[in-house]
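For reference, the chains in residue letters:
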Amino acid sequence: MTDDDAAVSEEDSESQLVEIIFFKSETCAFCPRAEEVLRETIEDFGPEMFKITTYNVTKNPEKAEEFGVFALPTIIIGGMSVTGIPEPEMLLKMILGFKMGVRS
Amino acid sequence: MSQYKIERVKTGIPGLDELIEGGFPRGDTILVAGKAGTGKSILATQFLYRGIVDYGEPGVLITLEEPPRLIKRNMMRFGMDLEKLEKEGKLAIVDLSPARTTSVNIEEYPSFDLSGLEAIIMHHMKKINAQRVVIDTLSILAYKFKSRDILREEIFKMCANITSTGCTLLLTSEIPAQDTGLGVFDIEAFLASGVIVLYNEKISDTSRSRSIEVLKLRGSKHSSRIHSMRITDEGIRVWPGEISPGT
Ligand SMILES: Nc1ncnc2c1ncn2[C@@H]1O[C@H](COP(=O)(O)OP(=O)(O)OP(=O)(O)O)[C@@H](O)[C@H]1O
Ligand SMILES: [Mg+2]
């Protein structure tokens, strides 16, 4: 029943910010490119759709520990993470996954 | 032979120092390999505990497998109170066990480094001015990451950075049941400047015998035999004069 109720939930999900956490470090050679890919991928959406938090683990090692992030770059969207320079399609999938997660 | 003497770090395992010219070379990376249940975690934790209690060297335990609660409980059986040392600021147990994972990794691209893990470890080392560091167990990293070449290089880099501070680093690696190598990577052997192998072999239908072998230790004239080892009420103990009956 609730599954069919798409109109209502869609409205809900659209008002819901997509939370993206980007982990980088000062020594990480692949991080700048990963950040670029992330930025380019979400460009086509409205910027008000996202809440992006960036952690530099060289300055904030507690955050790497808190999230159990060993490898950098790592991007976390809605409980899912990717490591390394991501493909835009994968990020899109995760963003979509986040929206679906919010809906259900 | 050498002109200068290598500074040694007492292992805290009774009997082991005698096999290796007095201890691990300070600032080296030592790999402790063995099949499941051979005593790797106990040996590694005892190295830290005795380092603090007997030699005044603060230590960091990075646990990638067992949650701290269980480690503390197990070590208490040997009269080693880790909680107390933690409270005194001499020991840091860093819980990176799978139970704590907050996100699911869905993809790994071959363009990453381990600077996250390194930052976590270095942060705790600095906080307590650590002289000894244990990572238990490296095998978890091999399950976590599929890009082996990157992993090998990154672990190497991380170990080099940890030990460049003068810390002595002990890594554990689980050898799969049917395996004859040194563990899931088989790379660790040449990363580490020392390799110690623990055994718990069947010697008859009804009994097993624990033993220890120093496979390699940089700059050391070590025993090349397999020696008896036991897990007693005080922890692990090696009998340097006793050759394992299993060999
Ligand atoms: N109090 C004790 N007295 C004697 N033996 C003990 C005691 N506590 C544990 N053991 C032995 O130690 C073994 C576990 O040791 P440890 O956890 O160090 O093994 P491990 O090599 O780290 O194994 P794993 O690969 O599963 O992590 C047990 O199999 C048990 O036989
Ligand atoms: Mg263990």
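As a reminder, the structure under discussion sits directly above these lines.
Residues numbered from 1 in each chain as written. Chains lettered and ligands numbered in written order. Predicted model: local features only at pLDDT ≥ 70, side-chain atom pairs only at ≥ 80, totals over all residues. Heavy atoms only, no water.

1. Topic: the sheet that holds strand S1 (residues 18–24) of chain A
Working definition: the strands of a sheet are paired by backbone hydrogen bonds and lie parallel or antiparallel to each other.
Line of reasoning, step 1. Ordered in space as S2(A)-S1(A)-S3(A)-S4(A)-S6(B), the five strands form an open sheet in which the pairing is mixed. The outermost strands of the open sheet, each flanked by one partner alone, are strand S2 (50–56) of chain A together with strand S6 (104–108) of chain B. Across the sheet, the mean angle from the axis of one strand to that of its neighbour is 20°, orientation sign disregarded.
Line of reasoning, step 2. Alignment of S1(A) against S2(A), held across seven bridges, turns out to be parallel. Counterpart to Ile20(A) in the pairing with S2(A) is Ile52(A). (Pairing = 2+ DSSP bridges. Helix = DSSP H or I, 4+ residues; strand = E, 2+ residues; numbered from the N terminus. Axes fitted to C-alpha atoms, helices over the stretch in contact; angles between N-to-C directions.)

2. Points about the site of ligand 1
All names here are of chain B.
Line of reasoning, step 1. Taken together, 14 residues lie around ligand 1, and Gly37, Lys40, Ser41, Ile42 and Arg210 are the ones closest in.
Line of reasoning, step 2. One of the backbone N or O atoms of Gly39 is found 3.0 Å from an oxygen atom in ligand 1.
Line of reasoning, step 3. Residue Glu174 places a side-chain N or O atom 3.3 Å away from an oxygen atom belonging to ligand 1.
Line of reasoning, step 4. A total of three residues in the shell around ligand 1 trace back to one element, the largest contributor, which is helix H1 (residues 40–55). (Near = heavy atom within 4 Å. Polar contact = N/O pair within 3.5 Å; in protein donor to acceptor, adjacent residues only side chain to side chain.)

3. A few points about the interface of chain A and chain B
Line of reasoning, step 1. With 30 residues of chain A in contact, the opposing surface of chain B contributes 26 residues.
Line of reasoning, step 2. When chain A packs against chain B, the two sides together hide about 2,300 Å² of surface, and 58% of this comes from carbon and sulfur.
Line of reasoning, step 3. Among the residues chain A hides against chain B, the three largest losses belong to Glu65(A), Phe70(A) and Thr83(A). Together they make up 34% of the total.
Line of reasoning, step 4. Scanning the region where chain A abuts chain B turns up zero salt bridges.
Line of reasoning, step 5. The interface formed by chain A and chain B contains 17 residue pairs in polar contact (both at pLDDT 80 or more).
Line of reasoning, step 6. Elements represented by at least two residues in the side of chain A that touches chain B include exactly helix H3 (61–67), strand S4 (80–83) and helix H4 (88–103) of chain A.
Line of reasoning, step 7. Among the elements that make up the side of chain A that touches chain B, the one with the highest residue count is H3(A) (six residues).
Line of reasoning, step 8. Grouping the amino acids of the side of chain A that touches chain B by side-chain chemistry returns 19 nonpolar, seven polar and four charged.
Line of reasoning, step 9. Here S4(A) pairs with S6(B) via four bridges, running parallel. Residue pairing for S6(B): Met80(A) is matched across the bridge by Val104(B). (Contact = heavy atoms within 4.5 Å. Buried area = accessible area lost by both parts, 1.4 Å probe. Salt bridge = Lys/Arg side-chain N within 4 Å of Asp/Glu carboxyl O. Nonpolar A, V, L, I, M, F, W, Y, C, P; charged D, E, K, R; others polar.)

4. Brief notes about the packing of aromatic side chains
Line of reasoning, step 1. The tally for this structure, following the rule as stated, stands at six aromatic pairs over all chains.
Line of reasoning, step 2. The interplanar angle of 40° and the centroid separation of 5.5 Å between the aromatic rings of Phe23(A) and Tyr55(A) together place this pair among those described as tilted. Within this pair, whereas Phe23(A) is found in strand S1, its partner Tyr55(A) is found in strand S2, the two being separated by 32 residues in sequence. The pair Phe23(A) / Tyr55(A) is uniform in exposure class, with both members buried.
Line of reasoning, step 3. Where Phe45(A) meets Phe50(A), the ring centres are 5.7 Å apart and the plane angle is 80°; that geometry is what we call edge-to-face.
Line of reasoning, step 4. Residue class for Phe45(A) comes out partly exposed when judged on its relative accessible area of 28%.
Line of reasoning, step 5. What makes Phe50(A) buried here is its relative accessible area of 9%.
Line of reasoning, step 6. Among the aromatic residues, those joined into a cluster by ring pairs are Phe23(A), Tyr55(A) and Phe67(A).
Line of reasoning, step 7. Over the ring of Phe70(A) we find Lys144(B); its NZ or CZ atom is 4.6 Å from the centre of that ring.
Line of reasoning, step 8. Across the ring face of Trp239(B), the terminal group of Arg230(B) is positioned such that the distance to the ring centre comes to 4.1 Å. (Phe/Tyr/Trp six-rings, centres within 6.5 Å; stacked < 30°, edge-to-face > 60°. Buried < 20%, exposed > 50% of the residue type's maximum accessible area, 1.4 Å probe, protein only. Lys NZ or Arg CZ within 6 Å of the ring centre and 35° of its normal.)

5. Regarding the sheet that holds strand S9 (residues 194–202) of chain B
Residues and elements named next belong to chain B.
Line of reasoning, step 1. Spatially, the nine strands line up as an open sheet ordered S5-S4-S7-S8-S3-S9-S10-S11-S12, and their pairing is mixed. This sheet does not close on itself; its edge strands, each paired only once, are strand S5 (91–95) and strand S12 (235–243). The average angle at which neighbouring strand axes cross in this sheet is 20°, direction not considered.
Line of reasoning, step 2. Of the strand pairs in this sheet, strand S3 (residues 29–34) and strand S8 (residues 168–174) are connected by six bridges, and their pairing is parallel. By the bridge assignment, Thr29 is partnered in S8 with Leu169.
Line of reasoning, step 3. Its contacts with the sheet place helix H6 (residues 148–163) against S3, strand S7 (132–136) and S8, and it is angled at close to 150° to S8.

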